[in-house]
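Breakdown of the fold
Each chain, written out:
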Amino acid sequence: MKANEIITDVMTSVNAQIRHRIGVVKKQLAIAIDIEDNEMQQICNAQIKILERIEKDLIQVEMNSKISYMGINND
């Protein structure tokens, strides 16, 4: 397995975890909206923003990693 393939597999796994966590928080947000809990709504919205930001930052990390390992031959 080449370095680029390893990086891609790891990033796919991490992104799946983030997407799962965003889904859980969105369910919590829906409950908070239903029970009109403003504080919990704010917390959930903040969590969603943070997870989305991490997801975007990881795209940059993945690109940088692939560029760094372009010259390495791991056959």
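Just above, that's the structure.
So, here is what we can say about the structure in this document. A quick note: this is a predicted structure, and the numbers were derived from the prediction, not measured. (Residues numbered from 1 in each chain as written. Predicted model: local features only at pLDDT ≥ 70, side-chain atom pairs only at ≥ 80, totals over all residues. Heavy atoms only, no water.)

**A look at the nonpolar core**
In a soluble, globular protein the nonpolar side chains are often hidden away together inside. To be explicit about the condition: In this text, buried Ala, Val, Leu, Ile, Met, Phe, Trp, Tyr and Cys residues form a nonpolar core when linked through side-chain atoms within 4.5 Å. Accessibility here uses a 1.4 Å probe with only protein chains present; expressed as a share of the type maximum, an area under 20% marks a residue as buried, one over 50% as exposed, and anything in between as partly exposed. Secondary structure elements follow DSSP: runs of H or I no shorter than four residues count as helices, runs of E no shorter than two count as strands, and numbering proceeds from the N terminus. Residues count as neighbours in contact if any of their non-hydrogen atoms are within 4.5 Å of one another.
Ile7, Met11, Ile18, Ile22, Val25, Leu29, Cys44, Ile48, Leu51 and Leu58 form the largest nonpolar core, which has ten residues in total. Listed by contribution, the elements that provide at least two residues to this core are helix H1 (3-34) and helix H2 (38-68). A total of six residues in this core trace back to one element, the largest contributor, which is H1. Not counting residues within four places of it along the chain, the set of residues in contact with Leu58 comprises Met11, Val14, Asn15 and Ile18.

**Some remarks on the pattern of salt bridges**
Between side chains of opposite charge, pairing is possible as soon as their charged atoms come close. Note the cut-off: Salt bridges are defined by distance alone: a side-chain nitrogen of Lys or Arg within 4 Å of a carboxyl oxygen of Asp or Glu.
The final tally for this structure, using the stated rule, is two salt bridges. Notably, a salt bridge pairs Glu55 with Arg19, separated by 2.8 Å at the nearest N-O pair. Note that Glu55 is positioned in helix H2 and Arg19 in helix H1, a separation of 36 residues in sequence. Asp57 is paired through a salt bridge with Arg53; the nearest N and O atoms lie 3.2 Å apart. Note that Asp57 and Arg53 are positioned in helix H2 at a spacing of four residues, about one turn of the helix.

**Notes on the side chain of Glu55**
Under the relative-accessibility criterion, Glu55 is labelled buried at 16%. Glu55 has contacts with Asn15, Ile18, Arg19 and Ile22, leaving out every residue within four places of it along the chain.

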